[in-house]
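Structure at a glance
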Amino acid sequence: MEPVLILDPSEHYRPDFRKDIENFRNYEDTHPNRHIIDRVRRTYLDMHTSQCVDFVKAKREKWLKFNKCQMTVMEAMELLNQLVDESDPDIDLPNIMHAFQTAERIREAYPDHDWFHLTGFIHDLGKVMALWGEPQWCVVGDTFPVGCAFGESIVYQSSTFGKNPDLHHPIYSTKNGMYQEHCGLENVFMSWGHDEYLYHVLKHNNTRLPEEALYMIRFHSFYPWHHGRDYMHLCSEKDTRMLPYVLEFK
């Protein structure tokens, strides 16, 4: 087996490093690294300007043919050495670091749940789309439903959706939009990103990961739901039952 070459991060980015929880997800101008927060804001402005129903349908048509490449998980992981997430205010290192950090932290807390370790390790693999020419604003960052009103807890919600094509749509701008109340998140079009892509890749390849793992992968970036408690009116009983698993992953 060929050796896997990864960058060696400083001790502050190793799995045993503890960062105070209140210091995570700081999107404000008080962030200690201003160049990072400027990059994050720019990414979300581009995302919230372009992610609409028609855009998401086009991306699903493009990527869910599964005809771009074939590779192993570790081959995909090596590619992540080339990617730094432009939407993440907490880290400025390649994503493969985050993959190992997440898996090790989960193994520390749940040593007997091997499926959970694996879920943490692969949860961001969909970000390889960025290396096939996709701009990062439709690969990384917090996700949200399209086709209905944008939730108030979305990052930069009040200042970045002004030019979104769906903002004043007679249906898509309403609370339920094109959906029925409690229709279930499985029937909702999410903004296109790595979560949705990896979820469909796993389903297409008949994954044996449990349903809890698939929810973690598909919705781990859906912060307006699991952190902001927006969009509960679209959730089914199954979504409510799975929410604690997503929260535990986060």
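Residues numbered from 1 in each chain as written. Predicted model: local features only at pLDDT ≥ 70, side-chain atom pairs only at ≥ 80, totals over all residues. Heavy atoms only, no water.

Considering the overall build of the chain
- Helix and strand counts for the chain stand at ten helices and zero strands.
- Put simply, the chain runs from its N terminus to its C terminus through helices and strands in the order α-α-α-α-α-α-α-α-α-α.
- Looking at the chain residue by residue over its 250 residues, the buried ones come to 48%.
- Partitioning the intrachain contacts of the chain with sequence separation of at least 6 by distance along the chain shows that 74% fall at a separation of at least 24. (Helix = DSSP H or I, 4+ residues; strand = E, 2+ residues; numbered from the N terminus. Buried < 20%, exposed > 50% of the residue type's maximum accessible area, 1.4 Å probe, protein only. Contact = heavy atoms within 4.5 Å.)

Examining unusual backbone geometry
- Here the phi dihedral of Phe 66 falls at roughly 55 degrees; this positive angle occurs in a residue that is not glycine.
- Along the chain, Phe 66 turns up in the loop between helix H2 (53-63) and helix H3 (73-79).
- One non-glycine residue, Arg 229, lies in positive phi territory at about 60 degrees.
- Relative to the elements of secondary structure, Arg 229 occurs in the loop between helix H9 (223-226) and helix H10 (237-249).

Digging into the packing of aromatic side chains
- Summed over the entire model, instances satisfying the criterion amount to 16 aromatic pairs.
- Ring geometry for Trp 63 versus Tyr 197: centroids 5.2 Å apart, planes at 65 degrees, classification edge-to-face. You can see Trp 63 sitting in helix H2 and its partner Tyr 197 sitting in helix H7 (residues 194-204), a full 134 residues away along the chain.
- By relative accessible area, Trp 63 is classed as buried at 3%.
- Positioned over the ring face of Phe 189 is Arg 60, at 4.7 Å from the centre of the ring. (Phe/Tyr/Trp six-rings, centres within 6.5 Å; stacked < 30°, edge-to-face > 60°. Lys NZ or Arg CZ within 6 Å of the ring centre and 35° of its normal.)

Quick look at the pattern of salt bridges
- The tally for this structure, following the rule as stated, stands at eight salt bridges.
- Here the residues in one salt-bridge network are Lys 59, Lys 62 and Glu 134, joined through shared partners. (Salt bridge = Lys/Arg side-chain N within 4 Å of Asp/Glu carboxyl O.)

Focus: the environment of Arg 229
- On the basis of relative accessible area, Arg 229 is assigned to the partly exposed category, the value being 42%.
- Taking the C-alpha atoms as reference points, Arg 229 and Ser 153, 76 residues apart in sequence, are found 8.1 Å from one another.
- Excluding its chain neighbours within four sequence positions, the residues that come into contact with Arg 229 are Pro 224, Leu 243 and Leu 247.
- A polar contact of 2.6 Å, which involves the side chain of Arg 229, links it to the backbone oxygen of His 226. (Polar contact = N/O pair within 3.5 Å; in protein donor to acceptor, adjacent residues only side chain to side chain.)

A short note on a nonpolar patch on the surface
- Residues Met 71, Leu 131 and Trp 132 make up a contiguous nonpolar surface patch of roughly 230 Å² in combined accessible area.
- Residue position: Met 71 is located in the loop between H2 and H3.
- Classification of Met 71 by relative accessible area gives partly exposed; the value is 30%. (Patch = residues over 30% accessible without salt bridge, like charges linked within 9 Å, V, L, I, M, F, W, Y side chains within 5 Å. Areas by Shrake-Rupley, 256 points an atom, 1.4 Å probe, with all protein chains shown as cover.)

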